[in-house]
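Read off the chains here:
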Amino acid sequence: MVMTRGRGRGMRGGMMRPMGPGPHFGPKMKQFVPRLPFDMVLCESAFPRVKPAPDESAFTQALLKRNADLSPTPAEQAAVLNLVTKIQAVMDNLIVDPGNFDACVSSQIEEVRQVGSYKKGTMMTGHNVADIVVILKTLPTKEAVEALGKKVCDDLRSQEPQEVLVLTMLPNDRGFEISNSEATVRVLVTTIHQNLRKLDPELHLDQKILQSHLAAIRHSRWFEENAHHSTIKVLIRLLRDLRGRFEGFEPLSPWMLDLLAHYAILNNPSRQALPINSAFRRCLQLLAAGLFLPGSAGISDPCEGGNIRVHTAMTLEQQDLVCLTAQTLLRVLSHGGYKQILGLEGNSSIASEMSVWDGVVVSALEKAYEKPPERPPQDDDTDNMDADDDPMETTDN
Amino acid sequence: YTFEFHTATALPVYMQQTSQPAATVAAVKTTGNTWQTFKKPGTMQGKTQKPKAPPKPQQLHYCDVCKISCAGPQTYREHLEGQKHKKKEAAAKAGPTPSRHGASLRCELCDVTCTGADAYAAHIRGAKHQKVVKLHQKLGKPIPSTDPVVVGGTTKTSTTTAGATVGAKTTTSGAAATTGTLTAADGKKDDLKDDLLDLKEKDVEPVGQEYIEEIKNEEGKVISFNCKLCECRFNDPNAKEMHMKGRRHRLQYKKKVNPELVVEVKPSLRQRKVQEEKLRRQQLREEMWRRREEERLLEEEERWYWEERRRYEEECEYLDWCRRYPRGPPGPPPMMPPGMPRPPFMPGMPPMMPMRRPDSSDDRHVLAKHAEIYPKEEELGAIQKIVSNTEKALKMVSDYLAEVDAPKEQQVKPKAKKEKEDDSKGEDDKKDGEKKEDGPPRMLKGVMRVGILAKGLLLRGDTNVQLVVLCGDKPTRTLLDRVADNLPKQLAVVAMEDKYDIQRVVEEAALVVQNIGEQRISVNVTLTSPIMREQLLHDGDSQVIAAKDPPDVLDKQKCLDALAALRHAKWFQARANGLQSCVMVIRILRDLCQRVPTWGPLNSWAMELMCEKVIASAGQHLSPGDALRRVFEALASGLLLPGSPGLLDPCEKDPIDAASPLSAQEREDITASAQHALRLIAFRQIHKVLGMDPIPPPKFQRGGRFTRKRRRDNSTGEGNDSEGELDGGDGKKDKKEDGEDSKMDMDKETK
C-alpha cells in the first residue's frame, strides 16, 4: 500500500530536493497549504436562507427515475453473478490445488478478489462487466497471463461444455476477459507487493498497471467500509452516467467519482447523508468551485499514503475541462435544466453551446488553461501546479 | 616449409612431441610420457618425427594449448597472438584451475569442464568434440576416454590413467581411418557412478518451458529454439532440455518469473565480489538516507521557523493596517495566540514596523493591484480636508439653526422625543440621536460619514463621498433650503482660503458640496431622519403619522436609503474591518465592478456582504490571494444563482436578499464570469482577472512596482544572504537578521 503512487512521488520529491531550497533558498519557504474551496454545505450557517428553499421534488423524482433506468435488471445481475461465481470457483481451485495448473503454466495464484462496480454495487445496466483481480505469487509475464486465461477458460469449458465462452486478452496484457452471451468477467492480473520491484518492463506487465490493480482492491475494500450507503451508490451511478454523456467529464476516473460522491453525501456538518438532490447539486457545485483545480485541497486519496490529492491524476488541461463543464452544467441546473442534465431530454450540447432557459441566456465557458510558455526554471512557486506530470490513475473499471 | 617460433611454450605440434607443455591439468601432464611410450611402437611411418607422418603435415597447425588446429601458418600465428590463446596459456601456466563447482565432469580431450552429466553427454556428441577427436586421430595423438573425469569436490584424478590406456588403445589403430573409436572405458565406469549420481540428483525439473519458442522453417519443421528468458538460441532439442535445467536459465527464471524458485548458490569469486559491492553500496545508501533524514528534520525546523515568522509578519501587517486607517475602529486585537513564542531573531523589533512577505503568486498580484488602486496620499488628504470642513460647517449650521429655532423647537420636540424613545428599541441609530439630545433640541442632530468614506473603500480617482445629516424630524424642502443657504457662510468661516460650491439636489434629498480647484471632489450631504424608518417599522401607526407629514417632506426612499447606508457603514466597521484580507478583497472587487461591465450591476452593499460572509466562513485566516479566490469560488458555485440561499441582509428587519436588484440574467452573467475568473486564478493568470500585467516571481526583483513596499520586502530576509547588505539603510535589525541567517546556513552546511 505504501509503494504505489506515493512512492513514485516520493522519489520525485527526493530528486527535486537537492536542487531545490539550498542555503540560499532558505527564506523562500513556500509552504503550499492547499485549501478546500468554498462549499455552501459546510458554511450553511453563514448563509441563512432569505426565502425558503424551492420545492425540488420533481428534480428528486427525476434523479430517482434516472437511477432506476441506469440500474441493471435482476436478469443482468444474475447473469453476472453466475459467471463471476463460476470463475471464482475455478480460480479457487487453482489456489487450493496448483499442481495441475503448474504443469502447464508456472504461475501461482496468491489471491483472487472481486473489485470494481460489480463489487461496489454500482453497476450500470447494459454494462454487465464484473472485475476480478488475480494476485499472482509469481512474476506476471505476458505468457503467464495468457496461459492463465487459457487455463481458466478450459476449466470452465470442461465444467460446462455446452456454454459458449469467449476469451479475449485485454490490451497491454493487463488481463483477460471471459464472456458468455450475457455477461463478461474481466480478470485483471497483478502480483504481490514484494514482486513489484523485480519487474522487467521487457518481460512483465507494466508496473503501473499492476499497481492500479492492487489499488483497485484497496478501493473496493475502502468502499465496503465507508461508502456502503445506498444514496452514495445511487449518486455514483448518476455521476457515471453524467461522465458518459458529457465529454468534459471524461477525465474523471471511476475512483474519483466514488470519492466525490462519498464526499458530497457524507462530508457535511451533521454527518448525516444528504438527500440525493442536494448531493447531486453539491457535486456540481464542488467541481464548479474548483475542488479539482490546482491549489485546491481536493479529496485526498484514502487508499494511498502521503496525502495524494486524487485530482492530480488529471492533467491541468483536464482539470480545467472538468471544472468548466461542471460550471456550465451548474448554471443550467439552477435555471431548471435538470432534465437535460440527466439525459431525460435534449442532448449534451448544453455543456458546450449557448442555451436559453426561461429567458436567461446560459453561455458555455472557455478554457482558462494555457500551456506555459518556455521559461527558465527559476519560477519558484510551482507548488500548486503539481499535476501535469502524473497522469497515472487507477482504472478499476 | 618453416615455422617461426613465436613463443617458447606454444610450439607447433611437431616440435613438441617430447615436451608437452604444462598445458592442462596436472594429471594430463603426468601422462605425457606414457603417451609417448605407447605411441612409439604404433607409429606407422616408423619415422622419427611425428609431424611428417600425417599425409598433409604442412597444412596442419595444431595448438596444443587450445587444442585446435589452424588452417595455415598465418592463421596459426594470428591465433597465437590472440587474446584467447594467451589467456589459455596463462591459465595453463598458473596450474590447474580450481573447480568452481562442487563437482563437475571434464572432457580431457578438449579440456572442457561440464557442470553435469547431461552437459557432458552433449559435449561428447557435439561437433566440437568430434572435430578434436578427428584431429587427434589425424595427428595420431592419443584419444582419452569419453568417460568424464570428475574433478573438484570429489578430488578424483585417477581416471586419467584410464583415459590414457584407452587412448593408447585407440590411437594404435591409426590416425587416418578410425571412425567410431570412442569406446568407453568400462572398467572405470563404476568409479564414476557415484559422482554422476551425485550430479544427477542435483538435476532438477526443467522450468519455464513456455518461454522457449520453437522456431520453425517454412515446412513447419522445428529447426531451432529460442529462450525468451535468457535470450539464447539452440538447435538441438537436447540442448533445449539441458538449457531448461541449467543454472543460468533457472536464475533468469527466478528473476523474471518465479522469485521463489530455488537455485543453488554458486559463490564464485566474481559473485562474492558482487555481493561485497552490493553490501557496500547498501551501507552507503543507508548512510545517505540517514543524512537525508537529518536534512529533512533540519528543513522542517526551518520551515516551522519561517512559518512562525510569516505569521508574525502578518500580525504586524495587521497592526500597520489599523494604523494607516485611523478612521476605522481599531477592530479586534490581532489574533496572536497568547502562547505563541516570539520569534527570537528580532527581539527589539518595534511591532509597528511595516513588513510583509507576500508568499504566493496570487498574493503578490493582489497586493500589487491593491497598491495600484489605493488612493494616493494627496487624494486622501484632499478628501479628508473637504469632508472635515463640511462636517465642521454643518455643525455650525446646526448650532445656528438651533439658535434661530429655539422657541419653536421647544413646542414640537418633547412629543417627538418621547415618541422616539418609546418606539425605537433595538434601532441602530438610536444612540446617535440620544447623544445629541443632551444639548438643546436641534433640527440637525448630527452628521455621519457613510459609504466608501466610512468603510475606507476609497479608490484612486474616487471624487464622490457621502455624508448623512440626521434630522430631528422628517427633513423637508424648507429645511434643505435653510441648510443650503447657511452652509456657504459657515464654510467660509471654517476654511477661509478654500472656495466651495454648493448645489441643492432636492430629488436626492441632498445638497452637494464641491470644492473649486483642479481636483473636483464632491461631498453629498443627504438629509434624513430615523423617524422615516420608525414609521416604516410600525405599520400600524404609519397611516396616522403619514397624515401628519409636512407637505414638502423630502423623498422618502432617498431618506431611507441614507439611513440604510448608515447601518451598512456600522455593520462594515463591526464585521468587515476586523476580518483579515476582507477589506482588501472588497476594494479589489470594487475596482472589478467599475472596470468590467458584467460586474457593474452588482451593487456594492451586496458585494461587501458577500465578501464578508464568504471570507469569514472559511474559518481560518486567508491571505489576500486566497481570500479573493474564495470569493470567486463562492460565486462560481452558484451563490448568486436562483435556488441559492441568497444574501440575507443583516441590516434589514425583514429577510431581504441584498442582491435582489440583480436580474436573473445579470446573476447568470456574473456567475459565468466568476467561474472563468476562478479558473484563470487556478491556472496562474490572476493578472487577467485583475486587469494588470503579470508580475514575475520576486526572486530578482527589488523595488520597482513595489516601491511602496520596498522596505517591507527587504526586511523580510528574502534572499538576504547575498543581497541584504545592499540595503544598509534599514539599520541594525536587518543586519542582525542577516547574521542570523548566514549563521543558520552555516550550521546547516557543517552538519
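Worth saying up front: this structure is predicted, and the values here are computed from it rather than measured.

Trainee: In this structure, what is going on with the overall build of chain B? I would like to understand it.
Mentor: Check the secondary structure of chain B and you find 26 helices and 13 strands. The buried share among the 751 residues of chain B stands at 48%. In chain B, once contacts between residues fewer than 6 apart in sequence are set aside, the share between residues at least 24 apart is 66%.

Trainee: Where do I start with the overall build of chain A in this structure?
Mentor: Of regular secondary structure, chain A possesses 12 helices and seven strands. Put simply, chain A has 397 residues, and 56% of those count as buried. Within chain A, contacts between residues at least 6 apart in sequence are counted, and of these 71% link residues at least 24 apart. As presented, chain A carries roughly 16,700 Å² of accessible surface, and 53% of it is formed by carbon and sulfur atoms.

Trainee: Please explain the pairing of strand 5 (residues 184-191) of chain A as it appears in this structure.
Mentor: Note on strand geometry: in a regular strand, side chains alternate between the two faces of the sheet. Residues and elements named next belong to chain A. Counted residue by residue, strand 5 has eight buried out of eight residues, so it is predominantly covered. Residue alternation in strand 5 divides its side chains into two sets, T184, R186, L188 and T190 and V185, V187, V189 and T191, and both sets are buried. Where strand 2 (residues 129-136) meets strand 5, eight bridges bridge the pair, whose relative direction is parallel. The residue bridging V129 from the neighbouring strand is T184, located in strand 5. Of the pairings in the sheet, the one linking strand 4 (residues 175-179) to strand 5 comprises five bridges and is antiparallel in character. Looking at strand 5, one finds that F176 is bridged to V187. Hairpin remark: strand 4 followed by strand 5, antiparallel, with four residues in the connecting loop.

Trainee: Would you mind showing me how to read helix 21 (residues 624-636) of chain B here?
Mentor: Residues and elements named next belong to chain B. The terminal C-alpha atoms of helix 21, which comprises 13 residues, lie 18 Å apart, in line with the 18 Å expected from a rise of 1.5 Å per residue. By the criterion of burial, helix 21 is predominantly enclosed, with 12 of the 13 residues buried. Restricting attention to buried positions, one finds in helix 21 the residues P624, G625, A627, L628, R629, R630, V631, F632, E633, A634, L635 and A636. Where helix 21 ends, the next residue or the one after it, G638, has phi of about 95°, a positive value.

Trainee: Any chance you could explain the sheet that holds strand 8 (residues 232-234) of chain B here in plain terms?
Mentor: Think of a sheet as strands paired side by side through backbone hydrogen bonds, with each pair either parallel or antiparallel. Residue and element names in this part refer to chain B. The three strands are arranged 6-7-8 in an open sheet whose pairing can be described as antiparallel. Edge positions in the sheet fall to strand 6 (212-216) and strand 8, since each of these pairs with one other strand and no more. Strand-to-strand twist of the sheet, defined as the mean angle between neighbouring strand axes without regard to direction, takes the value 25°. Sheet strands touched by helix 8 (residues 237-245): strand 6, strand 7 (222-227) and strand 8. Its angle to strand 8, the strand with the most contacts, is close to 140°.

Trainee: I'm lost on the nonpolar core in this one. Help?
Mentor: Proteins that are soluble and globular tend to have nonpolar side chains buried together. In terms of nonpolar packing, the biggest core is built from 110 residues, with B:L589, B:F632 and B:L647 touching the most fellow members. When residues in this core are grouped by element, the largest group, nine residues, is from helix 19 (residues 582-595) of chain B. Setting aside its immediate chain neighbours within four residues, B:L589 contacts B:M607, B:M610, B:C611, B:L628, B:V631 and B:F632. Counting 59 residues, the second-largest nonpolar core is a separate cluster that includes A:F280, A:F292, A:Y338 and B:L641.

Trainee: Whenever I open this one, the sheet that holds strand 2 of chain A confuses me. Can you help?
Mentor: Residues and elements named next belong to chain A. The five strands are arranged 1-2-5-4-3 in an open sheet whose pairing can be described as mixed. At either margin of the open sheet sits one strand with a lone partner, and together these are strand 1 (109-115) and strand 3 (166-169). Along the sheet, successive strands turn relative to each other by an average axial angle of 20°, direction set aside. Where helix 3 (residues 74-96) meets the sheet, it contacts strand 1, strand 2, strand 4 and strand 5, and its direction lies at approximately 165° from that of strand 1. Running at roughly 20° to strand 4, helix 6 (residues 142-159) makes contact with strand 1, strand 2, strand 3, strand 4 and strand 5 of the sheet.

Trainee: In this structure, what is going on with the side chain of A:E56? I would like to understand it.
Mentor: All names here are of chain A. Looking at the element boundaries, E56 is found in the loop between helix 1 (5-19) and helix 2 (57-70). In this structure E56 comes out as buried when scored by relative accessible area, which is 19%. Those residues in contact with E56 that lie beyond four places of it in its chain are N277 and R281.

Trainee: Explanation requested: the UniProt feature "coiled-coil region" (unreviewed entry) in chain B in the structure shown.
Mentor: The feature "coiled-coil region" (unreviewed entry), as given by UniProt, occupies residues 274-301 of chain B in the numbering adopted here. The span residues 274-301 of chain B carries 100% helix and 0% strand; its end-to-end C-alpha distance comes to 40 Å.

Trainee: Can you walk me through the pattern of salt bridges in this structure?
Mentor: Where side chains of opposite charge bring their charged atoms close, a pairing between them can arise. For the structure on display, the rule yields 41 salt bridges over all chains. B:E633 serves as the salt-bridge partner of A:R35, at 3.2 Å between the closest nitrogen and oxygen. Taken together, the residues A:R35 in the loop between helix 1 and helix 2 and B:E633 in helix 21 connect one chain to another. Here the two residues A:R35 and B:E633 agree in accessibility, since each one is buried. Across the pair B:R291 and B:E287 runs a salt bridge, and its minimum N-O distance is 3.5 Å. Of the two residues, B:R291 and B:E287 both sit in helix 10 (residues 269-324), four residues apart, roughly one turn of that helix. Take B:R291: its relative accessible area is 46%, and that puts it in the partly exposed class. Relative accessible area serves as the criterion here: at 31%, B:E287 is assigned to the partly exposed category. Three or more residues are tied together by salt bridges with common partners; here these are B:K369, B:E372, B:D591 and B:R595.

Trainee: Explanation requested: the confidence of the model for chain B in the structure shown.
Mentor: One rule of thumb: low pLDDT means the predicted coordinates there are not for detailed reading. All names here are of chain B. For chain B, per-residue confidence averages 70 on the pLDDT scale, and residues scoring 70 or more make up 60% of the total. No element of chain B has a lower mean pLDDT than helix 25 (residues 720-723), which averages 36, and none a higher one than helix 22 (residues 664-682), which averages 95. Counted against residues more than four places away or in other chains, residues 1-57, with its pLDDT under 50, gives 65 contacts. Every residue in residues 700-751 is under pLDDT 50, and counting partners more than four places away or in other chains gives 87 contacts. Interface confidence for the predicted complex, given as ipTM, is 0.86, next to a pTM of 0.65.

How each quantity is defined
Residues numbered from 1 in each chain as written. Chains lettered and ligands numbered in written order. Predicted model: local features only at pLDDT ≥ 70, side-chain atom pairs only at ≥ 80, totals over all residues. Heavy atoms only, no water. Helix = DSSP H or I, 4+ residues; strand = E, 2+ residues; numbered from the N terminus. Buried < 20%, exposed > 50% of the residue type's maximum accessible area, 1.4 Å probe, protein only. Contact = heavy atoms within 4.5 Å. Areas by Shrake-Rupley, 256 points an atom, 1.4 Å probe, with all protein chains shown as cover. Pairing = 2+ DSSP bridges. Expected span 1.5 Å × (residues − 1). Axes fitted to C-alpha atoms, helices over the stretch in contact; angles between N-to-C directions. Core = buried A, V, L, I, M, F, W, Y, C linked by side-chain atoms within 4.5 Å. UniProt positions renumbered as here; feature names shortened; annotations may be inferred. Salt bridge = Lys/Arg side-chain N within 4 Å of Asp/Glu carboxyl O. pLDDT = per-residue confidence, 0-100.

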